[in-house]
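In case you want the letters, here they are:
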Amino acid sequence: MPGGLESQYIRLEVISGRNIQVPSRRIPAGIHISINVDTQRRWKSAISVLSSDRSVVWGDTVTLSSHMTPTLSVEIWASYEVGRMLGNGEVIWKLQMSWDELLDHGDEPFILSFPPVRGVHPFLTLKSAVVHTCDDQDGTLSDFLVDCEIARDTDAGHAQFAAYMTSKTVSHLNDAVQHFQLVLDQCPVSHPDHATALTNLAYARLQGYIRKDLQDIDTTASFFREALALRPQGHPDHPLSLYNLTKALTWRHKKKSTAADILEAAKLYHELLPLCPDGTYLRSVATGTHGVDYVIGGCNNLPIDTSDEGIHLRRVILELCPLCHYYRPIALHTLLQSLFTRFTQCGSIDDLDEGIRLGREAISLLSRGHPHRGSYLNDLAVSLRYRFDHQGKSKDLNEAISLYEEVLRLYPVGHESRDTSLDNLGGALVTRFHKRGDINDITRAISLRREALILRSPGHPHRDTTLSNLALALKTRYDKLHVSEDINEAIDLYRDSLRLKRHSERHKTLYGLSSALCSRFTQTQKNEDIEEAITICQESLAALSSLHPSRYFSYMWLQEAYLSRYRILHNPTDLSLAMENFRLTSRHPTQGFPERIKEAINWARQAEVYQHESDLEAYQMCFELFDSHVMTRSSIISRRKAATAVRGAQSLPVDAASCAIRRHNLRQAVELVEQGRGQQWSLASRLRTPLEDLKSASPQLAQKLLGLNKRLSDAQGSAGIADPAAADWAATEYRRLTRQWEAAVAEIRNLQAFSRFLLPPSYEDLQAAARQGPVIILIASQYSCSAIIIPTLGEPHHVPLPSVTLVDLNNLKDRFARAIRHASVMGPKVPRNDLIVLLRAVWDEIMLPVVNVLQHDLKLKFHSRIWLCPTAAFTSIPLHAAHPFQTKADRSKEPCLEDLYICSYTPTLSALVRSRQMMKKRVAPSFVTIGQGQPGAGKGKALLAVDSELELVRKLVPATANRTTVSGDAATRAGVLEALEQNSWVHLACHGKQDPKQPYSSHFVMRDQPLTLLDIMEKDIPHAEFAFLSACHTAVGDKKTPDEVIHLAAGLQFSGFKSVIGTLWEVDDSVAKHVVEAFYENLFADLEDGEVMDCTKAAWALNRATHSVKTKVPLEQRMVFIHIGV
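The notes below deal with the structure included here. (Residues numbered from 1 in each chain as written. Predicted model: local features only at pLDDT ≥ 70, side-chain atom pairs only at ≥ 80, totals over all residues. Heavy atoms only, no water.)

Thoughts on the nonpolar core
Right, so step 1: With 343 residues, the main nonpolar core has Ile846, Met847, Leu879, Phe1004, Phe1079 and Tyr1080 as its most contacted residues.
Right, so step 2: No other element matches helix α34 (residues 833–857), which puts 11 residues into this core.
Right, so step 3: Once residues within four sequence positions are removed from consideration, Phe1079 is found in contact with Phe1026, Phe1028, Ile1061, Ala1098, Ala1101, Leu1102 and Ala1105. (Core = buried A, V, L, I, M, F, W, Y, C linked by side-chain atoms within 4.5 Å. Buried < 20%, exposed > 50% of the residue type's maximum accessible area, 1.4 Å probe, protein only. Helix = DSSP H or I, 4+ residues; strand = E, 2+ residues; numbered from the N terminus. Contact = heavy atoms within 4.5 Å.)

Some points on the environment of Ser307
Right, so step 1: With respect to the element layout, Ser307 can be found in the loop between α9 (292–300) and α10 (308–319).
Right, so step 2: Since its relative accessible area comes to 32%, Ser307 is described here as partly exposed.
Right, so step 3: Sequence separation between Ser307 and Ala889 is 582 residues, and the spatial gap between their C-alpha atoms is 86 Å.

Side note on the side chain of Arg456
Right, so step 1: Relative to the assigned elements, Arg456 resides in the loop between α16 (439–455) and α17 (463–481).
Right, so step 2: Accessibility expressed as a relative area gives 4% for Arg456, which makes it buried.

Here we look at the pairing of strand β17 (residues 985–989)
Along a regular strand, successive side chains alternate from one face of the sheet to the other.
Right, so step 1: Burial analysis of β17 places 5 of its 5 residues in the buried class, which makes it a mostly covered element.
Right, so step 2: Burial along β17 is two-sided: the face carrying Trp985, His987 and Ala989 and the face carrying Val986 and Leu988 are both buried.
Right, so step 3: When strand β15 (residues 926–931) meets β17, the two strands line up parallel, connected through 5 bridges. Note on β17: the bridge partner recorded for Ile930 is Leu988.
Right, so step 4: Summarising the sheet, β17 and strand β21 (residues 1026–1030) pair through 5 bridges and their orientation is parallel. Within the sheet, the bridge partner assigned to His987 lies in β21 and is Phe1028. (Pairing = 2+ DSSP bridges.)

Observations regarding the sheet that holds strand β20 (residues 1011–1012)
Right, so step 1: If you trace the 3 strands from one edge of the open sheet to the other, you get β18-β19-β20, paired in antiparallel fashion. Edge positions in the sheet fall to β18 (992–993) and β20, since each has one partner strand and no second.
Right, so step 2: With 2 bridges joining them, strand β19 (residues 1003–1004) and β20 adopt antiparallel strand pairing. What sits directly across from His1003, in β20, is Thr1012.

Looking at the pairing of strand β13 (residues 865–870)
Right, so step 1: Among the 6 residues of β13, 6 are classified as buried, and the element is accordingly described as predominantly covered.
Right, so step 2: By the bridge criterion, 4 bridges tie strand β10 (residues 775–780) to β13 in an arrangement that is parallel. In the sheet register, Val775 faces β13, and the bridge partner there is Trp867.
Right, so step 3: Bridging between β13 and strand β14 (residues 902–905) involves 4 bridges; their strand directions are parallel. Across the sheet, residue Trp867 finds its bridge partner in β14, namely Ser904.

Examining helix α40 (residues 1048–1055)
Right, so step 1: With 8 of 8 residues buried, α40 is to be regarded as a mostly interior element.
Right, so step 2: Among all positions in α40, only Leu1048, Ala1049, Ala1050, Gly1051, Leu1052, Gln1053, Phe1054 and Ser1055 are buried.

Notes on the sheet that holds strand β7 (residues 110–113)
Right, so step 1: Spatially, 4 strands are ordered β4-β1-β8-β7 in an open sheet, and the strand pairing comes out antiparallel. Edge positions in the sheet fall to β4 (56–65) and β7, since each of these pairs with one other strand and no more. Neighbour to neighbour, the strand axes of the sheet diverge by 30° on average, direction disregarded.
Right, so step 2: Looking at chain direction, β7 and strand β8 (residues 123–131) are connected through 4 bridges and run antiparallel. Bridge pairing in β8 places Ser113 opposite Phe123. (Axes fitted to C-alpha atoms, helices over the stretch in contact; angles between N-to-C directions.)

Some details on unusual backbone geometry
Apart from glycine, the bulk of residues carry a negative phi angle, and the bulk of peptide bonds sit in the trans form.
Right, so step 1: At Arg25, a residue that is not glycine, the phi angle is positive and equals roughly 70°.
Right, so step 2: Looking at where Arg25 falls in the secondary structure, it is placed in the loop between β1 (9–18) and β2 (30–36).
Right, so step 3: Positive phi values are uncommon outside glycine, yet Ala872 reaches one of about 45°.
Right, so step 4: Here Ala872 is to be found in the loop between β13 and α35 (897–900).

Notes on the pattern of salt bridges
Right, so step 1: Throughout the structure, instances matching the rule amount to 53 salt bridges.
Right, so step 2: Note that Arg444 and Glu405 form a salt bridge whose closest N and O atoms lie 2.6 Å from each other. Here Arg444 is found in helix α16, whereas its partner Glu405 is found in helix α14 (residues 394–410), with 39 residues between them in sequence.
Right, so step 3: Among the ionic pairs, Arg1007 bridges to Asp969, the shortest N-O distance being 2.2 Å. With Arg1007 in the loop between β19 and β20 and Asp969 in the loop between β16 (962–967) and α38 (973–982), the pair connects residues that are 38 residues apart, well separated along the chain.
Right, so step 4: What makes Arg1007 partly exposed here is its relative accessible area of 27%. (Salt bridge = Lys/Arg side-chain N within 4 Å of Asp/Glu carboxyl O.)

Right, here's the structure in full:
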């Protein structure tokens, strides 16, 4: 010892350690260092967590007196508790050294190496220095005397257990268990070390079980479970207790294959991993091959469980597989399978959507040559096909077929899964045949399924399924081509399938056979076929739960069977039973809207044919289902696509009204035609409903709905998302928001005075449209054509049009189109004889009967205002221009409709009511004239009169209005949109283009980009009042869906303009200026100084203008302008 050292002190810093290996291989809670300076006193470092690279960092310092003893002992210990410790833990190694050895390194860190543990030398990094004073050298040392018997027994148990693990001598295990049991006996439940004592004993027993030296694992697991309960979340030893229990459960699963153990282990790992920081030894072990990976693999091999708990477990497993994890693809795939199976049982579209997203991700993680790629592609295709059945999106079916084709290429002849691939592709082609009617699809489907049946020879476990599927394909072809061999073979195949069928799928074959027997009965009228069809349909229903999606098909074929029998035997009971099953089919909540809508339409049609009393209920159901279906679509364009995809739906509003008229219920006729028409506008306007009254009654609910309206509005762009996965996610999110919106609306309806909030309007609500004059709804149905006049007060009036049929109206509109085209190339002075003949027919057969009721029943004064609300084919006929073109005996001319009344149009009654309500919000008028006469190459010819028209209008507008002009280079899409938002009065002169394929793409031609109807609809301009659209085709609806009234003028009205002048066909700008000039002269003629411009006079001004320019403007160019709105 150096001179003078005995009077000095040594400051020792324990910096870090590396290659730390625990002899027993047990995972420590942490590592600590012990410095023993004599037999009585020692110093202990803090317990530090072991890193995944088996290193430890401390940075602890102790000051020791060198005179105590010539040597000291440096010891490395593994602690199994972070919190309160019982004993010292398990010793890793001890090293005796002198004080001189500590001081040989000067003031620099040095490495202290220990003998090897499990073949690796652990070492510590230390630093020592001599100091001359120490205020409290004893305060850093603890006294061995604080140890007690249970601590000594615990340490002895650790020592014996380490000896067992290194030597495999069972006597050491027995000694360890004995020591740990003694400790547990001295630590009852109330003892603070009870959990530690349980854990030590359980761990020793577990290793004995793993090495087959002990047999009892159940007691061991219960000890770990009890210890975990004593160390709840937040306890410092909670993570290690979680791990210990997972290890016991995992080993019990390995030996006994108990599913409950692996499931519980997965849940425990889901809780454990977030508590294990990256880089810690515990995390590296927990996420290793024998940790969570084993559990994931075990769970992936479990059978599908569609319970909420089972699905939750699959989500837990997926969360245990982060990106790039080896098991992530299979975790995604097994969750998809579980969700898909639950969908087939419960019908929740959210399950299907989520499964498809998971399937896409799983496939993206597989290489092209991955052995499971085919099965993953197949399962994604199955989900997409089911979603097509549920929602009717063609892109889903197309993608499914493309995926099935890829799978078939991956499974060449001889592949074990080729039979499944053939069968599934055949099924998708059957579905596409139903949609498109291409005979090649059904022919190929039958060929594929025959090949699949050959591969599934007798004895194959899935032969029954392919028999049934081939039968379905043959029955489908029979329904198209009526070849009796097809239906007979289909029935035989169904019967063969039933003899083999597994119980869980038997109901599908039963209703399939029922449908085939119904089809054959229609051909042969053999009573035994229809009796059997009814019996087996009832059997299939008995096997299904009340909400099972397949009940829909059983109801559907039962309805078909009863109706088929009624057609032959005419038993009224069969008709009633058929209609009841129509009702059940349409209302079945777990089937998709497209299928339910199809059945509701069929119900309405059959009820009409057989004059059943449920006809109006059926129509009502159609509208409710349509509304719910279209509401789930996240964009205006996708809503229209959904609405036009259903065959036979376009005529429902007028057919429903016609039915109600025949049942002498005019009020319901008005309600039904309004509910069925203009659904696109109705759905869009829900998000703009004024909430002033609601704010007074419940500010909180009003605020909640406002927020949801905005979020739904913001989410309406998902139809344009190109990435399928992103589009699916957006659609799911939109549907989630829609449910929240519906829940909020339901809550509002519980308030007093809000019971009908956003429900389809009643007749009383709709009659508000007639406040300033009667509204005439013209109904063009295949069953009858007529008019309903809604007066300002009282009951509606029915005006039969007995000489008019829907065929007549379609011919009339075609003749008008030809006559207008012909007139456009005629000279201005040439008589328009074709038009005159047609307008006379409109007067005689359509408008004269209406006028007679207005004059004689309603006593309506001359020059009163009336509103025309045409439907279907009526929307393409210029009703306002109806004219007798006759001379009275006194040589005076018979008055035409516009001589008698001031005519306006309204797309729907609700649109007119909404415009009237918004008239309360009036602001100081600002008038903008917008023109684009030089649209540029490829955008239409130059309109030479535009600039002079704008100047003319500007001069006629009162000086009291704030007047601006946007034209030439400034008349861009953005510039015009801004002008529309900032001004309450607008005159627009430019090219207008109708898009026959996509009416929302109809547009005004601007300098840079088109200003589309969709652009206009996305704007909310509540202060807007009047717009004059001096452009072509601005009030022409969509030919596919005329009752949706989708055109530019209606779009401006929707965005806030209460009064709009639009055009029915092409405008000649060289003569239109005469109408424009006369219109504004009349509109502003009597305006006194300081008097506000009044847009409600626009209809009267247009009427006066067209009368005053008869000598200047040809007939078709006077007729082209119509007024819409207030």
